[in-house]
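Listed here are the chains, written in short residue letters.
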Amino acid sequence: MAALADRHDLYERSVQAPEVDAETLARLFKRYRKRHAMSLREDFCGTAVLSLAWVQSKPGRTAVGLDLDQATMDWGMANRIEPAGAADRVALHRADVLVGAGPKVDLAVGLNFSYFAFRERDQLIRYFRTAREGLVDDGLLILDIVGGWESMQEEVNRREIDGFTYRWEQRCFDPLNHHLACAICFDFPDGSRIEDAFYYEWRMWTCPEVRDALYEAGFSRVRLLWERTDEEGEGTGKFREPKTVDNQESFWTYIVAER
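Residues numbered from 1 in each chain as written. Predicted model: local features only at pLDDT ≥ 70, side-chain atom pairs only at ≥ 80, totals over all residues. Heavy atoms only, no water.

Notes on the packing of helix H2 (residues 18–33) against helix H3 (residues 49–57)
Okay, so step 1: Where H2 contacts H3, the axes come no closer than 8 Å and their chain directions differ by 60°. When the axis of H2 is compared with that of H3, the two are oblique. Note on packing geometry: the crossing formed by H2 with H3 is right-handed. Every residue of H3 that contacts H2 at Pro18, Glu19, Asp21, Ala22, Leu25 and Ala26 is listed here: Val49, Leu50, Ala53 and Trp54.
Okay, so step 2: Classifying every residue of the contact of H2 with H3 by side-chain character gives 8 nonpolar, no polar and 2 charged. (Axes fitted to C-alpha atoms, helices over the stretch in contact; angles between N-to-C directions. Helix = DSSP H or I, 4+ residues; strand = E, 2+ residues; numbered from the N terminus. Parallel < 35°, antiparallel > 145°, perpendicular 65-115°, else oblique. Left-handed = near helix turned anticlockwise from the far one by under 90°. Contact = heavy atoms within 4.5 Å. Nonpolar A, V, L, I, M, F, W, Y, C, P; charged D, E, K, R; others polar.)

A closer look at the pairing of strand E12 (residues 235–240)
Okay, so step 1: Summarising the sheet, strand E11 (residues 226–229) and E12 pair through 3 bridges and their orientation is antiparallel. Note that in E12 the partner of glutamate 227 across the bridge is phenylalanine 239.
Okay, so step 2: Hairpin connection, E11 to E12: the antiparallel pair is bridged by 5 residues, and glycine 233 has positive phi, about 85°. (Pairing = 2+ DSSP bridges.)

A short note on the nonpolar core
Okay, so step 1: Counting residues in hydrophobic clusters, the biggest one holds 52 residues, and the most contacted among them are Tyr115, Tyr127, Phe128, Leu141, Phe186 and Leu214.
Okay, so step 2: If we skip the residues at most four places from it in the chain, phenylalanine 128 touches Tyr115, Leu141, Leu143, Val210, Ala213, Leu214, Ala217 and Phe219.
Okay, so step 3: In terms of nonpolar packing, the next biggest core, distinct from the first, is built from 30 residues, Ala48, Ala86, Leu140 and Phe239 among them. (Core = buried A, V, L, I, M, F, W, Y, C linked by side-chain atoms within 4.5 Å. Buried < 20%, exposed > 50% of the residue type's maximum accessible area, 1.4 Å probe, protein only.)

So this is what it looks like as structure tokens:
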């Protein structure tokens, strides 16, 4: 089963929720800019399935995707974007996000913590400056971030998906520099598996570090959001901007930076 599986398809099914993300991003933009965002730049776009969901979410929307992995973008174009008839509204560029490419957009995003690949502060600030330069005057950059003490330890998390098991391995964390080595692996019912389908060597940036770097890059306001929960403690998909939050074992949230 592992030999017949495609790692990009497995990643999309286990990690991404593009339609939900597109709806949330649009809602956040409307909240802070009082208008609809029409153009999106997806940094570190991979298969660009979020870009596809974005252009499908509202007539007239366009998207630009940036990534260094041409083969992955080609897969997304051939297997997702072209079959959906959206190739005229999604432009993919093999480009370094530190340099940028494409027209200025209403909304830029760097999701799935991809900017954790920048392990030095000067690199992180350079990315944020480039992202800011690629926005229209009232544009937003939206990032997501993960943290909590469970994210800073060695552990293995498994989650059952239809037809396979998603396995997230945190293999090494250095508290002196917050460098983290981790991998995504996939297990199948017949005993076969894909080890290190995706492997990352990141720096786990904290909320105040990212906020301060965004300000240094020139953003006028940075909002640290927190997801509201229901009575059972489950996330509702709605976000607030708190002044303080309780420490917890793990969290995931959005950071909104205003140009």
